[in-house]
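Structural overview
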Amino acid sequence: MADMSAPAVCATPAPDHPPASDVSAGVGLVGLAVLVLWIALCRHWGWVVAVLDLPGPRAPLAGPFAALAGLGLSAAAMMAWSLWVDGVHRRPSTGIDWANPRPWGAHWHESAIKLFGLWATWGIIALFYGLCRWYWQGPWLFAMQVMGVLALPLALVSVPYVLWLDRVLVQPRDGAWHFGAWLAGRRDADVGAILIHWRAWAVKGFFTAFMLSIVPGGFAHVVRFDWAQSGDPAALANWLIDLLFVVDVQIGTVGYVLTLRPLDAHIRSANPYLDGWLAALVCYPPFVLMSAGGPLDYQQGGMEWSGWIAGHPALLWGWGAVLVCLTACYAWATVAFGVRFSNLTYRGVITTGPYRWTRHPAYLAKNLFWWGASLPMLPATGLVSDALRNTAILASVSAVYWWRARTEERHLLAQDAKYREYHAWAGAHAPVTRGIGAVLRWLGFTAGR
């Protein structure tokens, strides 16, 4: 895929308004509403059991299956909104022609090849899970257990799903078909389509397992929070931050699971650039560089924000409120994706919510949060060397996210004229992006791509 040079992007005129978003704001909001109601129900489950005189323990529902139920309910609500309100299944971008279905049985041979390629893909991903030790310890083990239980039902459901969908697809020979054809030794298999197929499934396989592994922990902490601590500004702020991270994780996980054409949420392409993959993977376990003791651990000898300003209630309330707002912006950026959230992929263009303020609201909010929460320039040791080291390392972490943003833009600019239109609009009109551009120009840097 060709790179997009700076002149090509700069030549795109900046429109007065952003293009229409491929995802309506309602999709994410209905998923958020259902999730919040479910969390409230789980927190007060003991009261519900007592009032209804139900059998069983009268305690909050904080287990991993309650977390999965919240995931399922949010997904169902977002799917219902997408289909019944937004009618996404009728968009041309789905590649589906509902008006001209093929006769049943006319395409069974192509569907069989596609199923062969799809099952082989799943089998190879399962082999990868089996070979990598980290998937069988700690929180990863929960993700493996969930996937193990779902493996057979998914394989069975895939048969009628593929047979049904192939009847209405404009081009049934997708990446799974080409991979199956290649495995079968057919000469009409397209290697380019196979590479696109595998990049998409590599993203889905890696990140779905990671997201499922972190779903239960945050959910349990939020549900079990003792409201008696709400008078402590640090405790309340940290609980609200945890709640917002749960929103991000739950809605984000839905995005990885629902990569379905009838929802117009399929992966159009995954980032084809090696540096894009490197920039993303170093931010996630087991490759993460920012973990405790890692090369980019910026918290050694440090102290959290609440420790530095303890004993100053007004400052604690104010600082905590800022950190909660930054986390809310981060979660909002995920909610705005609806059922399409995913790293390293192109699944449509989002121009609503925080994306009207900046092209990368999640990265900006996350990095500002880290600076405000860790205060790397104020180490607990009091050593100037630790202050300089931690500040420089956190600056390097922020540089990694700038790198990620640039590689993502390069991918999307090469994929979609609509994103190029949004990119140009944001550079001229989005307040944060425009402000950063002005500062860079003042410092002597060219706005560039």
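Scanning the protein from terminus to terminus reveals 16 helices and two strands. Over its C-alpha atoms, taken along the principal directions, the protein stretches across nearly 75 × 70 × 45 Å. Taken over 449 residues, the protein has a buried fraction of 48%. When contacts within the protein are restricted to residue pairs at least 6 apart in sequence, long-range pairs at least 24 apart make up 79% of them.

This brings us to helix 8 (residues 191-223). Between its terminal C-alpha atoms helix 8 stretches 48 Å, which fits the 48 Å expected from 33 residues at 1.5 Å a residue. When the local axis directions of helix 8 are compared, the greatest deviation, roughly 25 degrees, occurs at V215, which is followed within four positions by the proline P216. Put simply, D190 is the residue that caps the front of helix 8, since its side-chain oxygen is 2.8 Å from the backbone nitrogen of G192.

The next point concerns the pattern of salt bridges. Applying the stated criterion across every chain, the model contains 13 salt bridges. For D188, the salt bridge is made with R186, and the minimal N-O distance between the two is 2.7 Å. Take R186: its relative accessible area is 33%, and that puts it in the partly exposed class. Between R410 and D275 there is a salt bridge, with the nearest N and O atoms lying 2.4 Å from each other. Here the residue R410 occupies a position in helix 14 (residues 384-415), and D275 occupies one in helix 10 (residues 274-281), the gap between them amounting to 135 residues. Classification of R410 by relative accessible area gives buried; the value is 18%. One salt-bridge network, in which partners are shared between bridges, spans R91, D264, R268 and R340.

Inspection of the entire model under this criterion finds 30 aromatic pairs. Ring geometry for F207 versus Y256: centroids 5.7 Å apart, planes at 15 degrees, classification stacked. A residue pair is termed long-range when its members are at least 10 positions apart, and F207 in helix 8 and Y256 in helix 9 (residues 233-257) qualify at 49 residues. Using a relative accessible area of 0% as the deciding quantity, one classes F207 as buried. Looking at Y256, the relative accessible area reads 1%, which means it is buried. Sitting over the ring of Y273, R410 keeps its end group 4.2 Å from the ring centre.

The subject of this paragraph is the nonpolar core. With 103 residues, the main nonpolar core has I39, Y135, F207, F219, W305 and V397 as its most contacted residues. Leaving out residues up to four positions away in the same chain, F207 has contacts with Y256, L281, Y284, N343 and L344.

Checked against the element boundaries, S230 lands in the loop between helix 8 and helix 9. Engagement of the side chain of S230 in a polar contact is seen with the backbone oxygen of W227, the distance being 2.7 Å. If near-sequence neighbours (up to four positions away) are discounted, S230 is found in contact with F225, L236 and W317.

Taken together, the side chains of L364, L368, I436, V439, L440, W442, L443 and F445 define a hydrophobic patch exposed on the protein surface, amounting to about 810 Å² of accessible area. Contributions of two or more residues to the nonpolar patch are made by helix 13 (361-374) and helix 16 (431-442). A total of four residues in the nonpolar patch trace back to one element, the largest contributor, which is helix 16. As for its position among the elements, L364 is in helix 13. With relative accessibility at 31%, the residue L364 sits in the partly exposed group.

The next thing to look at is the environment of A99. Here A99 is to be found in the loop between helix 4 (64-85) and helix 5 (108-131). Put simply, A99 and S230 are 131 residues apart on the chain and 56 Å apart in space, counted from C-alpha to C-alpha.

What follows deals with the packing of helix 14 against helix 15 (residues 417-429). In contact at an axis separation of 6 Å, helix 14 and helix 15 are set at 125 degrees when each is read in the N-to-C sense. Comparing their axes, helix 15 and helix 14 come out oblique. For the pair helix 14 and helix 15, contact is made by E409, L412, L413, A414 and Q415 and by A417, Y419, R420 and H423, respectively. Within the contact of helix 14 with helix 15, the residues separate by chemical class into five nonpolar, two polar and two charged.

With that settled, the discussion passes to the confidence of the model for the protein. The predicted model of the protein averages 93 in pLDDT, with 96% of residues at 70 or higher. For the protein, per-element mean pLDDT is lowest for helix 1 (residues 6-10), which scores 42, and highest for helix 7 (residues 175-183), which scores 98. When the criterion is pLDDT under 50, residues 1-10 qualifies, and its contacts beyond four places in sequence or with other chains add up to 20 contacts.

Further remarks concern the side chain of T253. By the secondary structure assignment, T253 is in helix 9. Side-chain polar atoms of T253 contact the backbone oxygen of V249, separated by 2.6 Å. Among residues more than four places away in sequence, those in contact with T253 are L71, M211, L212 and V215.

Regarding helix 10, the residues found buried are G276, W277, A279, A280 and L281. For helix 10, the secondary structure elements touched by its buried residues are helix 8 and helix 14.

Cis geometry is adopted by the peptide bond preceding P286, which originates at P285 and carries an omega value of 5 degrees. Relative to the assigned elements, P286 resides in the loop between helix 10 and helix 11 (305-308). Unusually for a residue other than glycine, D264 sits at a positive phi of about 55 degrees. As for its position among the elements, D264 is in the loop between helix 9 and strand 1 (269-270).

Moving on to the state of the cysteines. Enumeration according to the criterion identifies zero disulfides in this entry. With no disulfide partner, C283 has as its closest neighbouring cysteine sulfur the one in C132, 19 Å distant. On the basis of relative accessible area, C283 is assigned to the buried category, the value being 11%. You can see C325 has no disulfide; the closest cysteine sulfur is in C329, sitting 7.0 Å from it. A relative accessible area of 48% means that C325 is categorised as partly exposed.

What counts as what
Residues numbered from 1 in each chain as written. Predicted model: local features only at pLDDT ≥ 70, side-chain atom pairs only at ≥ 80, totals over all residues. Heavy atoms only, no water. Helix = DSSP H or I, 4+ residues; strand = E, 2+ residues; numbered from the N terminus. Buried < 20%, exposed > 50% of the residue type's maximum accessible area, 1.4 Å probe, protein only. Contact = heavy atoms within 4.5 Å. Expected span 1.5 Å × (residues − 1). Bend = angle between axes of the 7 residues up to and from the residue. Polar contact = N/O pair within 3.5 Å; in protein donor to acceptor, adjacent residues only side chain to side chain. Salt bridge = Lys/Arg side-chain N within 4 Å of Asp/Glu carboxyl O. Phe/Tyr/Trp six-rings, centres within 6.5 Å; stacked < 30°, edge-to-face > 60°. Lys NZ or Arg CZ within 6 Å of the ring centre and 35° of its normal. Core = buried A, V, L, I, M, F, W, Y, C linked by side-chain atoms within 4.5 Å. Patch = residues over 30% accessible without salt bridge, like charges linked within 9 Å, V, L, I, M, F, W, Y side chains within 5 Å. Areas by Shrake-Rupley, 256 points an atom, 1.4 Å probe, with all protein chains shown as cover. Axes fitted to C-alpha atoms, helices over the stretch in contact; angles between N-to-C directions. Parallel < 35°, antiparallel > 145°, perpendicular 65-115°, else oblique. Nonpolar A, V, L, I, M, F, W, Y, C, P; charged D, E, K, R; others polar. pLDDT = per-residue confidence, 0-100. Disulfide = S-S within 2.5 Å.

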